[in-house]
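Chain residues, written in single-letter form:
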Amino acid sequence: MNRIDPKLLATLRQPADLVERGLAKPADLADLERVAARYAVAVTPEVAGLIDTENPDDPIARQFIPSALELVHAAGESADPIGDDAHSPVAGIVHRYPDRVLFKLVHVCAVYCRFCFRREMVGPGKATALSEDAYRAALDYIRTNTEIWEVILTGGDPLMLSPRRLAEIMTDLAGIDHVRIVRLHTRVPVAAPKRIDADMIGALRACGVTTWIAVHANHPRELTGEARGACARLADAGIPLVSQTVLLRGVNDDAATLEALMRAFVENRIKPYYLHHGDLAPGTAHLRTTIAEGQELMRHLRGRVSGLCQPEYVLDIPGGHGKAPIGPHYLSHANSQGSELSLQTRYRIVDYCGDVHLYPPES
Ligand code: SF4
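Anyway, here's the lowdown on the structure attached to this text. Computed from a predicted model, the values in this text were never measured in an experiment.

### Regarding helix 11 (residues 291-304)
For an α-helix, the turn length of 3.6 residues means that residues three or four places apart are oriented alike.
Okay, step 1: Given a rise of 1.5 Å per residue, 14 residues ought to cover 20 Å, and the 20 Å separating the end C-alpha atoms of helix 11 matches this to within 8%.
Okay, step 2: Along helix 11, the positions that sit buried rather than exposed are Gly294, Leu297, Met298 and Leu301. Across the axial projection of helix 11, the buried residues extend over an arc of 100°, all falling on one side.
Okay, step 3: Contact partners of the buried residues in helix 11: helix 10 (255-267), strand 7 (270-276) and strand 8 (312-316).

### Remarks on the site of the ligand
Okay, step 1: If you check the shell around the ligand, you find Cys109, Val111, Tyr112, Cys113, Cys116, Arg187 and His216 and nothing else.
Okay, step 2: Across the shell around the ligand, the residue classes tally to 5 nonpolar, 1 polar and 1 charged.

### Digging into the nonpolar core
Okay, step 1: Among the nonpolar cores identified, the biggest contains 97 residues, and Phe103, Ile142, Val151, Leu153, Leu166, Leu173 and Leu204 are the most heavily contacted of them.
Okay, step 2: A total of 6 residues in this core trace back to one element, the largest contributor, which is helix 5 (residues 132-144).
Okay, step 3: Contacts of Phe103, omitting those with residues within four sequence positions, involve Gly92, Ile93, Leu130, Tyr135, Ala138, Leu139, Ile142, Val151, Ile152, Leu153, Thr154 and Leu173.

### Let's talk about unusual backbone geometry
Okay, step 1: Following Tyr359, the chain continues to Pro360 via a peptide bond in cis, the omega torsion being -10°.
Okay, step 2: With respect to the helices and strands, Pro360 occurs in the segment after strand 12 (356-359).
Okay, step 3: Here the phi dihedral of Arg269 falls at roughly 65°; this positive angle occurs in a residue that is not glycine.
Okay, step 4: Its location among the elements puts Arg269 in the loop between helix 10 and strand 7.

### Examining the pattern of salt bridges
Okay, step 1: Under the definition given, this model contains 26 salt bridges.
Okay, step 2: Across the salt bridge formed by Asp84 and Arg96, the nearest N and O atoms sit 2.8 Å from each other. Of the two residues, Asp84 sits in the loop between helix 4 (59-64) and strand 1 (93-97) while Arg96 sits in strand 1, which places them 12 residues apart along the sequence.
Okay, step 3: Note on Arg96: relative accessible area 17%, which makes it buried.

About the cut-offs
- Residues numbered from 1 in each chain as written.
- Predicted model: local features only at pLDDT ≥ 70, side-chain atom pairs only at ≥ 80, totals over all residues.
- Heavy atoms only, no water.
- Helix = DSSP H or I, 4+ residues; strand = E, 2+ residues; numbered from the N terminus.
- Expected span 1.5 Å × (residues − 1).
- Buried < 20%, exposed > 50% of the residue type's maximum accessible area, 1.4 Å probe, protein only.
- Arc of directions from axis to C-beta.
- Contact = heavy atoms within 4.5 Å.
- Near = heavy atom within 4 Å.
- Nonpolar A, V, L, I, M, F, W, Y, C, P; charged D, E, K, R; others polar.
- Core = buried A, V, L, I, M, F, W, Y, C linked by side-chain atoms within 4.5 Å.
- Salt bridge = Lys/Arg side-chain N within 4 Å of Asp/Glu carboxyl O.

Geometry only, nothing functional implied.
Right, here's the structure in full:
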């Protein structure tokens, strides 16, 4: 069985506790109880300490403190917004692309994000981990499908497993010849940084596979001194880090915040990887931006920060059709259709100031 490490103490899990700590209003308690009956709540001490209780629009609170708006379900929202189920050949595995699989080992997280795309599947009350039989069947699936080069441990949060169990899993995966990369997607370095200790780092490294960590953070304030220390311990151990961020209304949907976040990632040896457009998870419309807003923010980043700081803006296409880049386009054909002068293709290309140029230039 996958055992959950029992180190996370004093995590706030009940709306009444949030009210008592001044993180939610007493008048909202009844609504928040209704939200919590459906979607898990967990706020670690580290995250609770980051919330500015004087600010009703605090960007950290918006990510973790439940809201009555989660009871409103918008058109198009779905319990499985990115279509995991359509590509799940055995329990715990999502095989959407030929060379990689998602391996969902646990259904619990250190914190529960209010915008989570798997919110119907994570949290207490859901199955907390794969059974031993299901785990073995999932490993067999990976072993049998020799095109699988990369295994992505996701969840729930795989760093909620005890280091001992994680080490066993890494060893099992490293024992499969064609598996060369194990990537773990996690909130733990920012939400529960103390978990990234020597035991956990030892567990993450296994002979025969390269481990990558995708750190999930959405606001520069999440990268506290403790979080930076956790990321540094991973990087110092030779584990490459990439970021994933969800574009969220009222959290990071302004140019200055997004720019500061991407710079903070790079300063901490985390290569910006994905900026996800908000998925159509139930009760999350109040946190989603429009795609046009996301593209405008990406244009801003292009003009202000180096290529190192550029994430790819992506949408998980509902129905399980995978990710598509949805950032702004900078290149278009300049030749008119059917023109006899079109012996050489000419393009229009937009620079970081928004000015248009021809390529090749007109002589
Ligand atoms: S850590 Fe990831 S899986 Fe867990 S609630 Fe947040 S977004 Fe969902």
